[in-house]
Amino acid sequence: MRVYIIGAGPGDPKLLTLRGAELIASCPVVLYTGSLVPKEVIARARADAKVMDSSGMTLEQIVEVIVAARDTDQDVARVHTGDPMIFGSTAEQMRRLMELGIGYEIIPGVSSFTAAAAALGRELTLPELSQTVILTRAEGRTSMPEGEKLEALAKHQATLALFLSITLLKDVVRDLTPSYGADCPVAVVHKASWPDQVIVTGTLADIADKVRAAKLNSTSMVLVGRVLTATEFANSKLYDPEFTHRFRKGEPAVKTQGEMRAD
Ligand SMILES: C[S@@+](CC[C@H](N)C(=O)[O-])C[C@H]1O[C@@H](n2cnc3c(N)ncnc32)[C@H](O)[C@@H]1O
């Protein structure tokens, strides 16, 4: 018996991995986070599978379902939204499984931050502009560890992907503006990859008003950084004809007559 911790992806059922789909279709017990996992993903379950929504359960109730499955030697598909290893509350479940000696395997999924970037058509890392993406959240009822407060992270001026923060946008703007500047681009993607996806773009100066006007207050990814609108950025080394790497030998640039004379 095993527990398969499966990433369901951000919403579009076609973004579920083949391995995840296979396991959901074969496990006799399917336990899914009903708040964000689409019905089509769960519809793959066997007709005789025990399918349960964990959104109203406590950790101990989830563990009870898994222990009951273990006692009858039934595999469990534990389905989480996006990628289960990012803001998934999966660590505490894995810790309990380890304590109980129950084996588990993790099947990654497409996270909402990459789905949001895809919806925007923007690469989150650009040469010389940002080579770092910080995945974080604003401080709400869950406090942030010292050193990870938004004002501190903002000092890096890296691209930011903020989970679980849509209702805290005013605080986000307050904390980021001193380092990023009020004109820094911000994009909010609500329900990335779902049929009712909504995109709101702006700057730190106006995003809070725009999001309020659009009435977005749940399931949204907030992306911040100059990469969101940049057009003047350097090409990467990867496709540079002069750059040698493991899969391609670079050719020295052909010099013009003028350049040769200057040498
Ligand atoms: C509990 S976290 C789960 C994150 C998930 N593990 C992932 O990798 O995307 C829930 C938060 O993820 C973000 N989120 C999840 N699905 C989303 C989607 N389809 N579009 C935008 N944001 C989403 C929102 O910030 C939401 O508040």
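Residues numbered from 1 in each chain as written. Predicted model: local features only at pLDDT ≥ 70, side-chain atom pairs only at ≥ 80, totals over all residues. Heavy atoms only, no water.

## Quick word on the environment of D240
Move 1: Secondary-structure assignment places D240 in the loop between strand 10 (220-224) and helix 9 (257-262).
Move 2: Placed ten residues apart in sequence, D240 and G250 show a C-alpha to C-alpha distance of 7.7 Å. (Helix = DSSP H or I, 4+ residues; strand = E, 2+ residues; numbered from the N terminus.)

## A word on the pattern of salt bridges
Move 1: As enumerated under the stated definition, the model contains 14 salt bridges in all.
Move 2: Between D71 and R70 there is a salt bridge, and its shortest N-O distance comes to 3.0 Å.
Move 3: What makes D71 exposed here is its relative accessible area of 57%.
Move 4: Classification of R70 by relative accessible area gives partly exposed; the value is 32%.
Move 5: Between D175 and R174 there is a salt bridge, with the nearest N and O atoms lying 3.0 Å from each other.
Move 6: Among the residues examined, D175 registers a relative accessible area of 12% and is labelled buried.
Move 7: Linked through salt bridges whose partners overlap, the residues forming this network are R2, R19, E22 and E105. (Salt bridge = Lys/Arg side-chain N within 4 Å of Asp/Glu carboxyl O. Buried < 20%, exposed > 50% of the residue type's maximum accessible area, 1.4 Å probe, protein only.)

## Notes on the sheet that holds strand 2 (residues 29-32)
Move 1: Spatially, five strands are ordered 3-2-4-1-5 in an open sheet, and the strand pairing comes out parallel. For this open sheet the edge positions go to strand 3 (50-53) and strand 5 (104-107), each flanked by a neighbour on one side alone. Geometrically, the sheet is characterised by an average inter-axis angle of 15° between neighbouring strands, direction not taken into account.
Move 2: Where strand 2 and strand 4 (residues 76-80) come together, four bridges link them in parallel fashion. Within strand 4, the residue paired with V30 across the bridge is A77.
Move 3: Where helix 1 (residues 18-26) meets the sheet, its contacts fall on strand 1 (3-7), strand 2, strand 4 and strand 5, and the angle it forms with strand 1 comes to roughly 135°.
Move 4: Against the sheet, helix 4 (residues 91-100) touches strand 1, strand 4 and strand 5, its axis set at about 155° to strand 5. (Pairing = 2+ DSSP bridges. Axes fitted to C-alpha atoms, helices over the stretch in contact; angles between N-to-C directions. Contact = heavy atoms within 4.5 Å.)

## Looking at the pairing of strand 2
Move 1: Here strand 2 shows no split at all, with V29 and L31 on one side and V30 and Y32 on the other all buried.
Move 2: Strand direction decides the pairing type here: strand 2 and strand 3, joined by four bridges, are parallel. Bridge pairing links Y32 to D53 in strand 3.

## Here we look at the environment of G56
Move 1: Examined against the element boundaries, G56 turns out to sit in the loop between strand 3 and helix 3 (59-71).
Move 2: Exposure remark for G56: the relative accessible area of 71% places this residue in the exposed category.
Move 3: Between the C-alpha atom of G56 and that of N235, which follows or precedes it by 179 residues, the distance is 49 Å.

## Topic: the domain arrangement of the chain
Move 1: Each assigned domain of the chain is listed here: domain 1 (3-107) and domain 2 (112-228).
Move 2: Across the contact, nine residues belong to domain 1 and twelve residues belong to domain 2.
Move 3: Regarding the contact of domain 1 and domain 2, the summed buried area is about 770 Å², with carbon and sulfur atoms giving 79% of it.
Move 4: Together, P10, I86 and F87 form the three largest contributors to the area buried by domain 1 at its contact with domain 2, with a combined 62%.
Move 5: Linking domain 1 with domain 2 are zero salt bridges.
Move 6: Remark: the boundary between domain 1 and domain 2 carries three residue pairs in polar contact (both at pLDDT 80 or more).
Move 7: Looking at the side of domain 1 that touches domain 2, its residues break down into seven nonpolar, one polar and one charged. (Domains from an automatic or database assignment. Buried area = accessible area lost by both parts, 1.4 Å probe. Polar contact = N/O pair within 3.5 Å; in protein donor to acceptor, adjacent residues only side chain to side chain. Nonpolar A, V, L, I, M, F, W, Y, C, P; charged D, E, K, R; others polar.)

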